[in-house]
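Summary of structural features
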Amino acid sequence: DAEITQSPRHKITETGRQVTLACHQTWNHNNMFWYRQDLGHGLRLIHYSYGVQDTNKGEVSDGYSVSRSNTEDLPLTLESAASSQTSVYFCASSESGLAEQLNYEQYFGPGTRLTVT
Amino acid sequence: AQSVTQPDIHITVSEGASLELRCNYSYGATPYLFWYVQSPGQGLQLLLKYFSGDTLVQGIKGFEAEFKRSQSSFNLRKPSVHWSDAAEYFCAVGARAGGTSYGKLTFGQGTILTVHP
């Protein structure tokens, strides 16, 4: 079965370190998204991509970057981790194509819990 | 830009009781509408979706939701709750032909459901 995986599932890092969170999907979806989930804020969009070599900033992109070199992967990098980036991070993907509504039907990975000390 | 409000942060029901979770959105036209469920420590799972047509939609796990254009609402219902339904529920909307919002979802802050035996 197709799926979307994230690694690591848990990560503890120190302030100032660079951290990369992996996201891999086997749906063959062109659209991929990164969110962070914090109490009282629901899910907020960090970055997203509509295809290879395409990346876009979401509403909370400061301090984060992504790159898309193939269809399956969208790694999220924290350039210099800060305590404010302690959160649970979710990756999602959706289909693209002629049926517009399918672009919005997102499938989520299991999440990565990141703690910055 | 669209916005989503889930007025109830936390709801407690008894097992076997009926359930209604509220979702209101703000958007100039009819958006794409979704409900997701998140069990503790898990990613988000799609429960149901509304694209067009019949305003009462059926989803997985015995859930249904009704789109009411006049009230800008998409409330989630279940006639008889099971203990395994305890989770956090998120309503999400996507803007049709959304330009810079294409494919992106805006999430509500979530409603935590507790089920008493």
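Shown above is the structure to which this text applies.
To start, this report covers the structure provided alongside it. Counting starts from 1 at the beginning of each chain's written sequence and moves along it residue by residue. By the order in which they are written, chains take letters starting at A while ligands take numbers starting at 1. Restriction of local features to residues with pLDDT of at least 70 applies here, the model being predicted, together with a cutoff of 80 or more for giving and counting side-chain atom pairs; totals for whole chains, interfaces and linings are based on all residues. To obtain the side-chain values, all non-hydrogen atoms of the structure were used and water was disregarded.

**A closer look at the sheet that holds strand S8 (residues 76-78) of chain A**
All names here are of chain A. Definition in use: Two strands pair if DSSP finds at least two bridges between them. Put simply, DSSP H or I for four residues or longer makes a helix, DSSP E for two residues or longer makes a strand, and each gets a number counted from the N terminus. Only C-alpha atoms enter the line fits that serve as axes; for helices the fit covers just the stretch in contact. Angles between N-to-C directions range over 0 to 180 degrees.
The strand order across the open sheet built from four strands is S1-S3-S8-S7, with neighbouring strands paired in antiparallel fashion. Each having just a single partner strand, strand S1 (4-7) and strand S7 (64-66) make up the two edges of the open sheet. Between one strand and the next, the sheet's axes are offset by a mean angle of 20°, whatever the strand orientation. Sheet analysis places S7 next to S8, joined by three bridges and oriented antiparallel. Considered in S8, the bridge of Ser65 is made with Thr77.

**Structural notes on the interface of chain B and chain A**
Inclusion rule: Whether two residues are in contact is decided by their heavy atoms: any pair within 4.5 Å suffices. Throughout, the accessible surface (probe 1.4 Å) given up by two parts as they are put together, summed over both, is called the buried area. Any carboxyl oxygen of Asp or Glu within 4 Å of a side-chain nitrogen of Lys or Arg constitutes a salt bridge here. Within 3.5 Å is the distance limit for a polar contact, defined as a pair of N or O atoms, with the added protein rule that one can donate a hydrogen and the other accept it, and that residues adjacent in sequence qualify only through two side-chain atoms. Just so you know the grouping, Ala, Val, Leu, Ile, Met, Phe, Trp, Tyr, Cys and Pro go in nonpolar, Asp, Glu, Lys and Arg go in charged, and all remaining residues, Gly too, go in polar.
Facing 27 residues of chain B, the contacting portion of chain A comprises 22 residues. A combined buried area of about 2000 Å² lies between chain B and chain A, and 55% of that area is made up of carbon and sulfur atoms. Counting every contact that joins chain B to chain A gives one salt bridge. Among the salt bridges present, the one from Lys49(B) reaches Glu105(A), with a minimum N-O distance of 2.8 Å. Here chain B and chain A share twelve residue pairs in polar contact (both at pLDDT 80 or more) between them. Put simply, the parts of the chain that give the side of chain B that touches chain A at least two residues each are strand S5 (32-38), strand S6 (44-50), strand S10 (87-94) and strand S11 (105-107) of chain B. Looking at the side of chain B that touches chain A residue by residue, the class counts come to twelve nonpolar, eleven polar and four charged.

**Considerations on the pattern of salt bridges**
Pairs can form between side chains of opposite charge whenever their charged atoms are close. One pass over the full model with this rule turns up eight salt bridges over all chains. Each member of the salt-bridge network shares a partner with another, and the members are Arg36(A), Asp38(A) and Arg44(A).

**Describing the side chain of Gln6(B)**
All names here are of chain B. Which entries qualify depends on this criterion: Partly exposed describes any residue whose relative accessible area lies between the buried limit of under 20% and the exposed limit of over 50%, with all areas from a 1.4 Å probe on protein chains only and scaled to the type maximum.
The topology assignment puts Gln6 in the loop between strand S1 (3-5) and strand S2 (10-14). Under the relative-accessibility criterion, Gln6 is labelled buried at 7%. Separated by 3.3 Å, the side chains of Gln6 and Thr111 make a polar contact. Apart from residues lying up to four places away in sequence, Gln6 is in contact with Arg22, Trp35, Tyr89, Phe90, Cys91, Gly108, Gln109, Gly110 and Thr111.

**Side note on the state of the cysteines**
We count it as follows: Cysteine sulfur atoms that pair up within 2.5 Å are treated as a disulfide.
For the coordinates displayed, the defined rule picks out two disulfides over all chains. Disulfide pairing is shown between Cys23(A) and Cys91(A); the S-S distance is 1.8 Å. Disulfide Cys23(A)-Cys91(A): torsion about the S-S bond near -70°, hence left-handed. Remark: Cys91(A) occurs in strand S9 (residues 87-94) and Cys23(A) occurs in strand S3 (residues 19-25); sequence separation between them is 68 residues. For the residue pair Cys23(A) and Cys91(A), the accessibility class agrees, reading buried in each case. The disulfide that involves Cys23(B) links it to Cys91(B), with 2.0 Å between the sulfurs. Judged by the sign of its S-S torsion, about -65°, the bond between Cys23(B) and Cys91(B) is left-handed. Highlighted residues: Cys23(B) in the loop between strand S3 (19-21) and strand S4 (24-26) and Cys91(B) in strand S10, separated in sequence by 68 residues. You'll find Cys23(B) and Cys91(B) in the same group, each marked buried.

So yeah, pure geometry; function would need other evidence.
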